[in-house]
Amino acid sequence: MEETSLLWLISLISLLSCSTNQAGLTVSPSRSQFFKEDSVSLSCEEDNISAGWTVRRNTTRGTRTQCGDGWGKPPGFSCNISSLYKHDTGVYWCESREGAASSSIQLTVSGGSVILQSPVLPVMEGDDVTLSCQTKTSSNLPAAFIKDGSLIRTEPTGHMTLHHVTSSDEGLYKCNIRGHGESPSSWISVSEKPTTTAPPTSVTPAPSFTSLQVRLVCHLVVFCPYCISTLIMVSLHKHRTTGNDLSVSMVMTSPTLAVHGLDDDYDDVTTEHLF
């Protein structure tokens, strides 16, 4: 009974872990910074619909509040915020009824006139990433791009591309447009590219044992020692029997020889008596 309960608990934990991996929060439009009064749609993409995923967030106004609890409108597994404000800045994620959670994302609402368009999700190592600096009215103005407090370069069109990103490209990015201001900072994460395994070489598979062959081997293993020991016992028994017959034969032959000897002696004596 205890083993059944333990197996059930392990299965439940595995199911929750799988559900966590199957859910992910998507943002539309896909960016991490927004202007005040912009709209955004948050969706929980998942395979297990019965899990009942909802969008939750941590902000300065509340911790672990769910969509519809004073913010957003939850149609199904999505959450629409029609008008963003600075207090909507925070961490967002999807959570199931069982407590499983997706990875979280950071959304920033700017009260200024400049934002940095950057990936809201981690980018894959080796990919190209384009950052855009824009105002509410234009996205093609010259802009300076800054990482971790240091100037990277100034782009005349307001767009900067990072080619073949690596872990060294991770950091806190922001941009500045002269005469308009500076954007908030956003963290860009770079995830490690999954290693590809070489295709297996063609190897002639070793012959596999069928259940019948396995049973045959087991019977041989069990009965071979018995057969061998039986043969040894029979051989010893025959050897002893042969030895006994030889002894008896020798014993039986001796009196015969003695009789013959006596007869010979008797003949000798009789001959001497006649003379």
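The coordinates are above.
Residues numbered from 1 in each chain as written. Predicted model: local features only at pLDDT ≥ 70, side-chain atom pairs only at ≥ 80, totals over all residues. Heavy atoms only, no water.

Brief notes about the sheet that holds strand β4 (residues 54-59)
- Strand order in this open sheet of five strands is β2-β8-β7-β4-β5, and the pairing throughout is mixed. For this open sheet the edge positions go to β2 (33-35) and β5 (62-66), each flanked by a neighbour on one side alone. Strand-to-strand twist in this sheet, taken as the mean axis angle between neighbours without regard to direction, amounts to 25 degrees.
- When β4 meets β5, the two strands line up antiparallel, connected through three bridges. The partner of Arg-57 across the bridge, within β5, is Thr-65. (Pairing = 2+ DSSP bridges. Helix = DSSP H or I, 4+ residues; strand = E, 2+ residues; numbered from the N terminus. Axes fitted to C-alpha atoms, helices over the stretch in contact; angles between N-to-C directions.)

Quick look at the pattern of salt bridges
- Following the criterion strictly, the structure yields six salt bridges and no others.
- With a shortest N-O distance of 2.8 Å, Arg-57 and Asp-88 are connected by a salt bridge. On the criterion of sequence distance, the pair formed by Arg-57 in strand β4 and Asp-88 in the loop between β6 (78-81) and β7 (90-95) is long-range, its members being 31 residues apart.
- Lys-174 is the partner of Glu-182 in a salt bridge, and the nearest nitrogen-oxygen pair spans 3.2 Å.
- The class for Glu-182 is partly exposed, based on a relative accessible area of 39%.
- On the accessibility criterion, Lys-174 (23% relative accessible area) is partly exposed. (Salt bridge = Lys/Arg side-chain N within 4 Å of Asp/Glu carboxyl O. Buried < 20%, exposed > 50% of the residue type's maximum accessible area, 1.4 Å probe, protein only.)

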